[in-house]
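Remarks on the overall topology
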Amino acid sequence: MAIRIHIFLLFLLLPSTSATAFHFEDFNVEETIAATELKPIKEADTLQQSEEEEAPRLWKLKLHHRDKITALHNTFTLQDHRSRFNSRMRRDARRVASLVRRTATRSNSYKDDDNNNDAFGFGSNVVSGTEEGSGEYFVRIGLGSPPTYQYVVVDSGSDIVWVQCQPCSQCYNQSDPLFNPATSTSFSGVACTSAVCDRLENAGCNQGRCRYEVSYGDGSYTKGTLALETLTFGKTLVRNTAIGCGHWNQGMFVGAAGLLGLGGGPMSFVGQLGGQTGGAFGYCLVSRGSTGSSGSLEFGREAMPVGAAWVPLIHNPLFPSFYYIGLSGLGVGGSKLNISEEVFQINDLGEGGVVMDTGTAVTRLPSSAYKAFRDAFVAETTNLPRAPAVSIFDTCYDLNGFVMVRVPTVSFYFSGGPFLTLPARNFMIPADDVGTFCFAFAASPSGLSIIGNIQQEGIQISLDGANGFVGFGPNVC
């Protein structure tokens, strides 16, 4: 009882200059800890039933988190939350290292890993995805004619669509049977002389067929032939989609058959759709621990909501695959911090800037910005008991026994004026199931900032590539 009384008095003990209801919010510790228990989705919720019931012209898919898919198929499942948390942070570190390498200047031997070797809309549900840094969320789509359904990773930082294919010389384990092109009447190999093959930065040729190769920063890769194939989203057929048919694949992709690249390049799925969807798509990443619900991925101008806060996308000609946005500052407790906006800008060499990425979990900030941000948060949480550092996090709290606490608000300020205040669950994340919580931000190993999927969870996000804007809200998942 004494502990609970202490919780309710916590707000009164905070400095009076900052203690306003607007600048602080209640954070339900007990509920968040309970949500760390893994509750896999049911098989019936993942497959075609829900997809095929969609309206014929609606391209909308369910998004699922990696943990639920792996639990469903008993693949690489780590039962306790601490183990899953540590594994996720290791994947995240590899992902960030890969992005940093990819956004090195061309003078430093830059190589685009993913390019190596009014319209109607449609969509799907989103689930969380790969073990080795190529994404955390999955969708289920149909491949070929007749369609065979497969889980693929959603990756906003990649520019190619690929799946593992038979015959497979080297393949990792996936939850569904390997795709067999021989059973599809719509499968067609791409010739080396094709304009489609020319779009690959480092295309190869073998017996007249275009070959592709994608290498990820952690050592994972996929190699094979480029082909045109029909993809099925609900009742929508997307014909002649260029996909990589991988015959040599390596990596821990946690049951996924491959990857659905949603980057800004011409070979990504969004780039290939072009005018069919007006260059627009939207997604909502379901919050951790949600039961009976999934996120969503929707293509088309119908995915652009009325009332969103729109922020310009920034084009970086050296790295057109990534979605850069203008971040002007950070806020804690309702106050914008004294951080120079230049810290978040792209320099003359194309370095730095702020990338939105579905495959990175934790938001990374340049060291100077992160330290100011963290110190401001710590100054407003002096009444919360601290805990030792965990993994990549240097700011953690021991909330064992607490039911509810009040924490300062955390905000992103964007160029042009809009700002986004995050819900507490998007920056206070459980490192275990006994009450250790960490401030879910980390310093970047370079000048590149990355807004990760933990900070994006539960927020409706819309990308209008044709007009150059990203929208936040107005609804939640």
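Note that the coordinates shown come from a computational prediction; the quantities given were computed from them, not determined experimentally.

The rules we used
- Residues numbered from 1 in each chain as written.
- Predicted model: local features only at pLDDT ≥ 70, side-chain atom pairs only at ≥ 80, totals over all residues.
- Heavy atoms only, no water.
- Helix = DSSP H or I, 4+ residues; strand = E, 2+ residues; numbered from the N terminus.
- Buried < 20%, exposed > 50% of the residue type's maximum accessible area, 1.4 Å probe, protein only.
- Areas by Shrake-Rupley, 256 points an atom, 1.4 Å probe, with all protein chains shown as cover.
- Pairing = 2+ DSSP bridges.
- Contact = heavy atoms within 4.5 Å.
- Axes fitted to C-alpha atoms, helices over the stretch in contact; angles between N-to-C directions.
- Phe/Tyr/Trp six-rings, centres within 6.5 Å; stacked < 30°, edge-to-face > 60°.
- Lys NZ or Arg CZ within 6 Å of the ring centre and 35° of its normal.
- Expected span 1.5 Å × (residues − 1).
- Arc of directions from axis to C-beta.
- Salt bridge = Lys/Arg side-chain N within 4 Å of Asp/Glu carboxyl O.
- Disulfide = S-S within 2.5 Å.
- Core = buried A, V, L, I, M, F, W, Y, C linked by side-chain atoms within 4.5 Å.
- 1 Å grid on protein atoms, 1.4 Å probe; cavity = no way out; pocket = protein on both sides within 12 Å on 5 of 7 lines; lining within 4 Å.
- Points joined across faces, edges and corners; volume = space filled by probe spheres on them.
- pLDDT = per-residue confidence, 0-100.

1. Let's talk about the overall build of the protein
Along the backbone of the protein there are nine helices and 31 strands. The buried share of the protein, reckoned over its 477 residues, is 59%. If you sum the accessible surface of the protein, you get close to 18,000 Å²; carbon and sulfur atoms cover 52% of it.

2. Thoughts on the sheet that holds strand E18 (residues 335-336)
Ordered in space as E18-E17-E24-E25, the four strands form an open sheet in which the pairing is antiparallel. Taken across any chain shown, the strands that pair with only one partner, and hence form the sheet edges, are E18 and strand E25 (419-422). Strands strand E17 (327-332) and strand E24 (410-414) of the sheet are contacted by helix H8 (residues 367-379), whose axis makes an angle of about 20° with E17.

3. Considerations on the packing of aromatic side chains
By the definition in use, this model includes 18 aromatic pairs. Between the aromatic rings of phenylalanine 427 and phenylalanine 439, the centroid separation amounts to 6.5 Å while the plane-to-plane angle is 75°, which identifies the pairing as edge-to-face. You can see phenylalanine 427 sitting in the loop between E25 and strand E26 (428-430) and its partner phenylalanine 439 sitting in strand E27 (residues 436-439), a full twelve residues away along the chain. The exposure class assigned to phenylalanine 439 is buried, which follows from its relative accessible area of 0%. For the cation-ring pair, arginine 386 lies above tyrosine 397, with the distance from its terminal atom to the ring centre recorded as 5.5 Å.

4. Description of H8
Helix length check: H8, at 13 residues, gives a terminal C-alpha distance of 18 Å against a target of 18 Å (1.5 Å per residue), a fit within 8%. Among the residues of H8, Ala369, Tyr370, Phe373, Arg374, Ala376 and Phe377 are the ones counted as buried. Down the axis of H8, the sector holding all buried residues measures 160°, keeping them to one side.

5. Quick look at the pattern of salt bridges
This structure, assessed with the given rule, holds six salt bridges. Aspartate 176 serves as the salt-bridge partner of arginine 140, at 3.0 Å between the closest nitrogen and oxygen. Of the two residues, arginine 140 is situated in strand E4 (residues 136-143) and aspartate 176 in the loop between strand E6 (161-164) and strand E7 (188-189); the sequence distance between them amounts to 36 residues. Owing to a relative accessible area of 11%, aspartate 176 belongs among the buried residues under this scheme.

6. Examining the pairing of strand E11 (residues 236-250)
The pairing of E6 with E11 spans three bridges and is parallel. In the strand pairing of E11, tryptophan 162 is matched with glycine 244. Where strand E10 (residues 221-233) folds back on E11, the antiparallel hairpin that results is connected by two residues, among which glycine 234 adopts a positive phi of roughly 60°.

7. So, the sheet that holds strand E22 (residues 396-398)
Taken in spatial order, the four strands make up an open sheet running E21-E22-E27-E26, and their pairing is antiparallel. Every interior strand has two partners, whereas the edge strands, strand E21 (386-387) and E26, have only one. In the sheet, E26 pairs with E27 via three bridges, with the strands oriented antiparallel. Looking across to E27, one finds that methionine 428 is bridged to phenylalanine 439. Sheet contacts for H8: E21, E22, E26 and E27; angle to E27, the most-contacted strand, approximately 135°.

8. Quick notes on the state of the cysteines
Here a disulfide denotes a covalent bond joining the sulfur atom of one cysteine to the sulfur atom of another. Enumeration according to the criterion identifies five disulfides in this entry. Disulfide pairing is shown between cysteine 165 and cysteine 245; the S-S distance is 2.0 Å. Since a negative S-S torsion denotes a left-handed disulfide, the cysteine 165-cysteine 245 link at about -125° is left-handed. Here cysteine 245 lies in strand E11 and cysteine 165 lies in the loop between E6 and E7, a separation of 80 residues in the sequence.

9. Some points on the nonpolar core
Counting residues in each nonpolar core, the largest one holds 72 residues, and the members touching the most others are Phe269, Leu297, Phe299, Phe427, Phe441 and Phe472. Per-element accounting of this core gives the leading share, five residues, to H8.

10. Digging into the layout of surface pockets
Size it by volume and the second largest pocket reaches roughly 320 Å³. Around the second largest pocket, the lining comprises 20 residues; the ones closest to its centre are Gly264, Leu313, Pro320, Tyr323 and Gly465. For the lining of the second largest pocket, the secondary-structure elements that each account for two or more residues are helix H7 (269-273), strand E15 (309-314) and strand E16 (323-325).

11. Describing the side chain of arginine 374
Here arginine 374 shows up in helix H8. Sequence-distant contacts of arginine 374, defined by excluding residues within four places in its chain, comprise Asp394, Thr395 and Phe439.

12. Overview of the pairing of E24
The side chains of a regular strand alternate, first on one face of the sheet and then on the other. By the criterion of burial, E24 is predominantly enclosed, with five of the five residues buried. With burial as the criterion, each face of E24 is covered, one bearing Val410, Phe412 and Phe414 and the other bearing Ser411 and Tyr413. Judged from the five bridges that link them, E17 and E24 form a sheet pairing that is antiparallel. Within the sheet, the bridge partner assigned to glycine 331 lies in E24 and is serine 411. With four bridges joining them, E24 and E25 adopt antiparallel strand pairing. Each residue of the ladder has a partner; that of valine 410, found in E25, is leucine 422. In this antiparallel pair of consecutive strands, E24 and E25, the connection spans four residues, and glycine 416 shows a positive phi of 100°.

13. As for the environment of valine 161
Inspection of the secondary structure puts valine 161 in strand E6. Separated by 80 residues in the primary sequence, valine 161 and threonine 241 have C-alpha atoms spaced 8.6 Å apart.

14. Observations regarding the confidence of the model for the protein
Confidence in the prediction of the protein, expressed as mean pLDDT, is 81, and 77% of residues score 70 or more. Contacts of residues 1-21 to residues separated by more than four positions or lying in other chains number 28 contacts, the stretch itself having pLDDT below 50. Confidence over residues 127-135 falls short of pLDDT 50; this stretch has 62 contacts with residues more than four positions distant or in other chains.

15. What to know about unusual backbone geometry
Residue proline 146 follows serine 145 across a cis peptide bond; omega there is 0°. Note that the residue after glutamine 166, namely proline 167, is joined by a cis bond; omega there is -10°. Tracing the chain through its elements places proline 167 in the loop between E6 and E7. Despite not being glycine, asparagine 240 has its phi angle at roughly 55°, a positive value. Examined against the element boundaries, asparagine 240 turns out to sit in strand E11. Judged by relative accessible area, which is 56%, asparagine 240 ranks as exposed. Despite not being glycine, serine 391 has its phi angle at roughly 55°, a positive value. Mapped onto the elements of the fold, serine 391 is located in the loop between E21 and E22. A residue is classified by how much of its surface remains accessible, and serine 391, at 48% relative accessible area, is partly exposed.

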